[in-house]
Amino acid sequence: MIIADFIQDLADSSYQYKKLPIQSFQYGSRPENDKLRQCLQKQFGNRLPSPDSDRAIAVIPCLENCFLRSMNGLEAIDYLRDSLLTDTSIFWIIGVGQVGWQYLQAISALESYSDHVTHLEKLSGDQLSQWFEAVTNEIDIGFQSSALRSESSENDLNWRTQYFKFLSKESKGVDSVAVQLFLETLQIREEIDKEKENEESSEDDQPPILQAKLPINPSLPSLGGEDVYFLYSLLLHRTLTELQLAQSVGLSLLDVKDKIQALRKLRLVEQQDNLLRLNPAYYPAVYSRLDGDNFLV
Amino acid sequence: MGFPKVSFYLAQSVGDSAQETAEQAKDLLTEITLIKVVEAIVIVIVAFALTKLLDRFLFWISERIAKEWRLRVKQFVPFVRMLVLTSAIVLLLNRFLNLSQQNVLAITGTVALALGFAFKDYVSSIIAGLLGLFEAPYQIGDRIKIGEDYGEVMSYGLRGLRLRTPNDDIVSIPHNKIWTEAISNANMGSLEAQVTTSFYLEHYADSEQVRNILYRVAQTSRYTQLKLPIAVVIEEKIWGTLFKLKAYPIDARNEFDYKTDLTLRAKKKFRECGFSYPNLTAMDLENADG
């Protein structure tokens, strides 16, 4: 919202602006440990000013992809801090999660190199409702439920509004958590005997095929002593391969495999294309646990 | 001859005194009935069971809640024990003794004298334990060193404490050590305790590079508490250079795992960088110690 306002202000003003070249960090996932610095250097280090401008905008959408908490995994961050951020001809826009930012702040004092640090606002119920409109308009989803009625204090009940209000509260306004909770609350209508169905109700009276339950944050299962270090590492880096996770926690790949298997069984960790990530539905619970366990989050 | 007369008076005086004490004791004790004895046994059993139950419950709950509350809950255990014990003693005394003001004064001196001789150390430990509850030189969960023993305080009893050493031995130490021994407490009720890991390298090793490596080793350990400072202290010795990495683990309980993790990863990096360790003969070591 802040960036949109800023661009609007620029458009409204009477000054003349010229377009600056924008360079974005191209890696969707984390490069190998010894290539992290090289990748940054390749993309931003040898930047030549464009013919019509001596300034540029550089964007790193996910700073977590530029480091790994290991002996050699922070060299790219050192390089970014010491060589790139000091270049005043580049306007840097860097996106990073809260946990990653806290960690990098503790070891590299990145905040000192940033003019402005802004936190994304929490998504409200209305914003979530608007965001999910494309899906909810396409598929007939029922939001009416007795559980939602008992949770709501308002008499004039709009089921959809109440559902997303509740979803916003449970997801703490975090987009990925909201999506995961939304998906987990969907239930499909059971097929019943068609003849019986025709007898009992007309087409219009039929309930929707999909029904959304009341979204509730899952509580954290009982965890072993070392499990929290794995969860912290996944929260810190967003996504990791098994090998990267092993490097990040300083254990052997074999030890990590066993632990990860146990965490996957508990549905705390998901795996997609060799990449491990924390199940977003558990973000709030894991965050709160790590905070209570004295981690820097 | 005046002797027999004096002896007679003395004997009579001692006799009177004994009779008086016997009468006082008679006044002090209430009638002992079978019901009272049964009640007393029940009180003792209930107090014992309650202490064990509360101990177990508080320890169980402290291991399941957020770590920041773990030590606070555990530190509550001695107070709960003391409360149960005091209540049981008061109930027992109330059943068997007439605790009037006169009686209390009468027995105080006698009891104090008896305890002073027979249970001097025991009473000293109990008093030290009671004072320790409020002065708190150590609490449950703290990592302390008393004399030669170092470890985590596992329990705080009436007479003494129990330490779990790094070798997993349990050492019982009476509380009265606080009168005479210096007590070194590494964390004083907080979750973190500073861990110092020493590294020994040859004089030729680039000290600045080693220092940077050690900082990075601590910054990338899963156990390190990054809210607290990391420091590297360098000391020159005759045989080489001593590097001390001082950092805090997130949980003091992981002290030894933390030290191992730091050592393993630092040595791996030293190997990659080609640093060598001091090569000492037994004579060098003797000279260095001297």
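Just so you know, these numbers come straight off a predicted model, no measurement behind them.

S.K.: Can you explain the overall build of chain B? Please cite residues and give values.
M.R.: Helix and strand counts for chain B come out as ten helices and eight strands. Residue burial in chain B is summarised as follows: out of 290 residues, 35% are buried. Considering only contacts in chain B between residues 6 or more positions apart, those separated by 24 or more positions represent 66%. For chain B, the exposed surface amounts to about 17,800 Å²; the carbon and sulfur share of it is 61%.

S.K.: So what about the pairing of strand S2 (residues 149–156) of chain B? Which residues, and what values?
M.R.: Residues and elements named next belong to chain B. When strand S1 (residues 143–146) meets S2, the two strands line up antiparallel, connected through four bridges. When the bridges of S2 are listed, Ile144 appears paired with Gly151. As paired strands, S2 and strand S3 (residues 160–164) are joined by four bridges and run antiparallel to one another. Residue pairing for S3: Glu152 is matched across the bridge by Arg164. Here S2 folds back onto S3, and the loop between the two strands holds three residues.

S.K.: Outline the packing of aromatic side chains, listing residues and values.
M.R.: We describe a pair of aromatic rings using the distance from one ring centre to the other and the angle between the two ring planes. Residue and element names in this part refer to chain A. Inspection of every chain in the model, using the stated rule, returns 16 aromatic pairs over all chains. Measuring from centroid to centroid gives 5.4 Å for Trp131 and Phe132, while their planes differ by 70 degrees, and the two rings are edge-to-face. Look at Trp131 and you get partly exposed, because its relative accessible area is 47%. Residue classification places Phe132 among the buried residues on the basis of a relative accessible area of 6%.

S.K.: Which residues make up the confidence of the model for chain A, and what values do they have?
M.R.: Parts of the prediction with low pLDDT should not have their coordinates interpreted in detail. Summary statistics for chain A give a mean pLDDT of 81 and a share of 82% for residues scoring 70 or more. No element of chain A has a lower mean pLDDT than helix H1 (residues 2–12) of chain A, at 53, and none a higher one than helix H11 (residues 227–237) of chain A, at 94.

S.K.: Residue-level account of the interface of chain B and chain A, with values.
M.R.: With 21 residues of chain B at the interface, the matching set in chain A holds 21 residues. Roughly 2,000 Å² of surface becomes buried between chain B and chain A when both sides are summed, with 52% attributable to carbon and sulfur atoms. Applying the counting criterion to the chain B and chain A interface returns ten residue pairs in polar contact (both at pLDDT 80 or more). Breaking the side of chain B that touches chain A down by element, the ones donating at least two residues are helix H3 (67–75), helix H8 (207–219) and helix H9 (255–273) of chain B.

S.K.: Describe a positive patch on the surface, listing the residues and the values that go with them.
M.R.: There is a patch of like positive charges on the surface, built from B:Lys52, B:Arg56, B:Arg159 and B:Arg162. Examined against the element boundaries, B:Arg159 turns out to sit in the loop between S2 and S3.

S.K.: Outline the pattern of salt bridges, supporting the account with residue identities and numerical values.
M.R.: All told, the structure shown has 21 salt bridges over all chains when counted by the stated rule. The salt bridge partner of B:Glu39 is B:Arg95, with a shortest N-O separation of 2.7 Å. Within this pair, whereas B:Glu39 is found in helix H2 (residues 34–62), its partner B:Arg95 is found in helix H4 (residues 77–96), the two being separated by 56 residues in sequence. Within the structure, one salt-bridge network assembled from shared partners comprises A:Asp78, A:Arg81, A:Asp82 and B:Arg216.

S.K.: Go over empty space enclosed by the protein, please, and point to the residues and values.
M.R.: For the structure on display, the rule yields one cavity of 30 Å³ or more. Within this model, the largest cavity holds a volume of roughly 70 Å³. In terms of lining, the largest cavity is formed by A:Arg69, A:Tyr103, A:Tyr232, A:Phe295, A:Leu296, B:Ser221, B:Arg222, B:Thr224, B:Gln225, B:Leu226 and B:Ile250. The residue makeup of the lining of the largest cavity, split by class, is six nonpolar, three polar and two charged.

S.K.: Please provide a residue-by-residue account of the layout of surface pockets, values included.
M.R.: All names here are of chain B. Roughly 710 Å³ of internal volume is contained in the second largest pocket. In terms of lining residues, the second largest pocket is bounded by 28 residues, among which Thr51, Lys52, Arg81, Gly157 and Leu158 are the most central. Sorting elements by how many residues they give to the lining of the second largest pocket places H4 first, with eight residues. Taken together, the residues that form the lining of the second largest pocket break down as 17 nonpolar, six polar and five charged.

S.K.: Give a description of the environment of A:Phe182 that names residues and reports values.
M.R.: Residues and elements named next belong to chain A. Position of Phe182 among the secondary structure elements: in helix H9 (residues 175–185). Under the relative-accessibility criterion, Phe182 is labelled buried at 3%. Phe182 sits eleven residues away from Ser171 along the chain, and the two C-alpha atoms are 9.6 Å apart.

S.K.: Now, about H2(B): what can you tell me, with residues and values included?
M.R.: Residue and element names in this part refer to chain B. Between the first and last C-alpha of H2 there are 42 Å, a value that for 29 residues agrees with the 42 Å anticipated at 1.5 Å per step. Within H2 the residues assigned to the buried category are Ala40, Ile43, Ala47, Thr51, Asp55, Leu58 and Ser62. Close packing links the buried residues of H2 with H3 and H4.

S.K.: Mind laying out the nonpolar core, listing which residues take part and the relevant values?
M.R.: If you look at the biggest cluster of nonpolar residues, it comprises 75 residues, and the most contacted ones within it are A:Leu40, A:Ile60, A:Trp92, A:Tyr103, A:Leu245, B:Leu214 and B:Phe270. Per element, the largest residue contribution to this core is eight residues, and it comes from H11(A). Beyond its immediate sequence surroundings of up to four residues, A:Leu40 is in contact with A:Phe25, A:Gly45, A:Ile60, A:Cys66, A:Ala76, A:Tyr79 and A:Leu80.

S.K.: Got a sec to walk through the sheet that holds strand S8 (residues 269–272) of chain A? Specific residues and values, please.
M.R.: All names here are of chain A. Read from one edge of the open sheet, three strands run S7-S9-S8, paired in antiparallel fashion. Taken across any chain shown, the strands that pair with only one partner, and hence form the sheet edges, are strand S7 (239–240) and S8. Here two bridges tie S7 to strand S9 (residues 275–278), and the two strands are oriented antiparallel to one another. Paired with Thr239 across the two strands is Arg277, which belongs to S9.

S.K.: Lay out the environment of B:Lys74 in plain terms, naming residues and giving numbers.
M.R.: Following the sequence through the fold, B:Lys74 ends up in helix H3. With residues up to four places along the chain from it excluded, the contact list for B:Lys74 reads B:Phe59, B:Ser62, B:Glu63, B:Ile140 and B:Arg253.

S.K.: Tell me about a nonpolar patch on the surface, and please be specific about residues and values.
M.R.: All names here are of chain B. Residues Leu85, Ile89, Leu93, Leu99, Val104, Val111, Leu115, Phe119, Tyr122 and Leu158 make up a contiguous nonpolar surface patch of about 790 Å² in total accessible area. Within the residue set of the nonpolar patch, elements represented by two or more residues are H4 and helix H5 (101–118). Tracing the backbone shows Leu93 in helix H4.

S.K.: Could you give an account of the side chain of B:Asn254, with specific residues and numbers?
M.R.: Among the secondary structure elements, B:Asn254 is positioned in the loop between strand S8 (241–247) and H9. A distance of 2.9 Å separates the side chain of B:Asn254 from the side chain of A:Tyr229, its partner in a polar contact. If sequence neighbours within four positions are ignored, B:Asn254 has contacts with A:Tyr229 and B:Tyr223.

S.K.: Describe the sheet that holds S2(B), and please don't skip the residues or the numbers.
M.R.: Within a beta sheet, neighbouring strands are joined by backbone hydrogen bonds and run either parallel or antiparallel to one another. Residue and element names in this part refer to chain B. Read across the open sheet, the five strands follow the order S4-S3-S2-S1-S5; overall the sheet is antiparallel. On the outer flanks of this sheet lie strand S4 (170–174) and strand S5 (183–185), each paired with one strand and no other. Taken over all neighbouring pairs, the strand axes of this sheet differ in orientation by 40 degrees on average, direction set aside. Of the strand pairs in this sheet, S1 and S5 are connected by three bridges, and their pairing is antiparallel. From the neighbouring strand, Ile146 faces S5, where its bridge partner is Ile183.

The rules behind these values
- Residues numbered from 1 in each chain as written.
- Chains lettered and ligands numbered in written order.
- Predicted model: local features only at pLDDT ≥ 70, side-chain atom pairs only at ≥ 80, totals over all residues.
- Heavy atoms only, no water.
- Helix = DSSP H or I, 4+ residues; strand = E, 2+ residues; numbered from the N terminus.
- Buried < 20%, exposed > 50% of the residue type's maximum accessible area, 1.4 Å probe, protein only.
- Contact = heavy atoms within 4.5 Å.
- Areas by Shrake-Rupley, 256 points an atom, 1.4 Å probe, with all protein chains shown as cover.
- Pairing = 2+ DSSP bridges.
- Phe/Tyr/Trp six-rings, centres within 6.5 Å; stacked < 30°, edge-to-face > 60°.
- pLDDT = per-residue confidence, 0-100.
- Buried area = accessible area lost by both parts, 1.4 Å probe.
- Polar contact = N/O pair within 3.5 Å; in protein donor to acceptor, adjacent residues only side chain to side chain.
- Patch = residues over 30% accessible without salt bridge, like charges linked within 9 Å, V, L, I, M, F, W, Y side chains within 5 Å.
- Salt bridge = Lys/Arg side-chain N within 4 Å of Asp/Glu carboxyl O.
- Lys, Arg positive; Asp, Glu negative; His and termini not counted.
- Charge placed at Lys NZ, Arg CZ, Asp CG, Glu CD.
- 1 Å grid on protein atoms, 1.4 Å probe; cavity = no way out; pocket = protein on both sides within 12 Å on 5 of 7 lines; lining within 4 Å.
- Points joined across faces, edges and corners; volume = space filled by probe spheres on them.
- Nonpolar A, V, L, I, M, F, W, Y, C, P; charged D, E, K, R; others polar.
- Expected span 1.5 Å × (residues − 1).
- Core = buried A, V, L, I, M, F, W, Y, C linked by side-chain atoms within 4.5 Å.
- Axes fitted to C-alpha atoms, helices over the stretch in contact; angles between N-to-C directions.

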